[in-house]
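Analysis of the macromolecular model
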Amino acid sequence: MQGNLLSFALKLTLNKDEAQDLVQDTTLKALRNEEKFAENTNFKGWMLTIMRNIFINNYRKAARENTVVDSSEDLFHINLSQDSGLASPDGAFTVNEISSIIAKFPADYREPFSMHVAGYKYEEIAERLSMPLGTVKSRIFFTRKRLREILKDYR
């Protein structure tokens, strides 16, 4: 059974050391909960389910631990990445330049894109602008594509 567990763990973690840890955690949990296994059922499936659940719980725990909570008064920067480029004058100029380029786009494309960048979900944008969901998605896609073409020299 250990070979099957290790193979599945490698598919989940993509790392040999983490996979071995996951196999060990799974084995320990199965031994601790031995009485919960029902006779004449799929033992391999039971073990793989335990492993998958441990992996998901560890992933969620790591995601929670890596979440940054901003308690500052200035909420303008709350959704920006830590290295947003605003710290340097060149970065601020680039943000202003990008904003002016976006401002030149037709309103039909600019509004959905700006709302998406502000954090609205596609469905919310479609509802607020009274347009089909597919139209919202395509306009955001084409706006991104056009921005990449215009700003290709900044990469």
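See the structure above.
This paragraph deals with the pattern of salt bridges. One pass over the full model with this rule turns up one salt bridge. Residues Arg146 and Glu149 are paired through a salt bridge, measuring 3.2 Å at the closest nitrogen-oxygen approach. Placement of the pair is Arg146 and Glu149 together in helix H7 (residues 133-150), with a separation of three residues, close to one helical turn. The class of Glu149 is partly exposed, set by a relative accessible area of 39%.

The next thing to look at is a nonpolar patch on the surface. A cluster of nonpolar side chains, Tyr109, Phe141 and Phe142, forms an exposed patch at the surface whose accessible area comes to about 300 Å². Position of Tyr109 among the secondary structure elements: in helix H5 (residues 107-117). Classification of Tyr109 as partly exposed rests on a relative accessible area of 32%.

A word on the environment of Glu124. As for its position among the elements, Glu124 is in helix H6 (residues 122-129). On the basis of relative accessible area, Glu124 is assigned to the partly exposed category, the value being 36%. Through-space distance from the C-alpha of Glu124 to that of Val136 is 10.0 Å; in sequence the pair is 12 residues apart.

Turning our eyes to something else, we now look at H7. For H7, built from 18 residues, the straight-helix expectation of 26 Å at 1.5 Å per residue is met to within 8% by its first-to-last C-alpha distance of 26 Å. Within the sequence span of H7, burial applies to Val136, Arg139, Ile140, Thr143 and Leu147. For H7, the arc enclosing every buried residue in end-on projection is 100 degrees, short of the 170-degree limit, so these residues lie on one face.

So, how was this worked out
- Residues numbered from 1 in each chain as written.
- Predicted model: local features only at pLDDT ≥ 70, side-chain atom pairs only at ≥ 80, totals over all residues.
- Heavy atoms only, no water.
- Salt bridge = Lys/Arg side-chain N within 4 Å of Asp/Glu carboxyl O.
- Helix = DSSP H or I, 4+ residues; strand = E, 2+ residues; numbered from the N terminus.
- Buried < 20%, exposed > 50% of the residue type's maximum accessible area, 1.4 Å probe, protein only.
- Patch = residues over 30% accessible without salt bridge, like charges linked within 9 Å, V, L, I, M, F, W, Y side chains within 5 Å.
- Areas by Shrake-Rupley, 256 points an atom, 1.4 Å probe, with all protein chains shown as cover.
- Expected span 1.5 Å × (residues − 1).
- Arc of directions from axis to C-beta.

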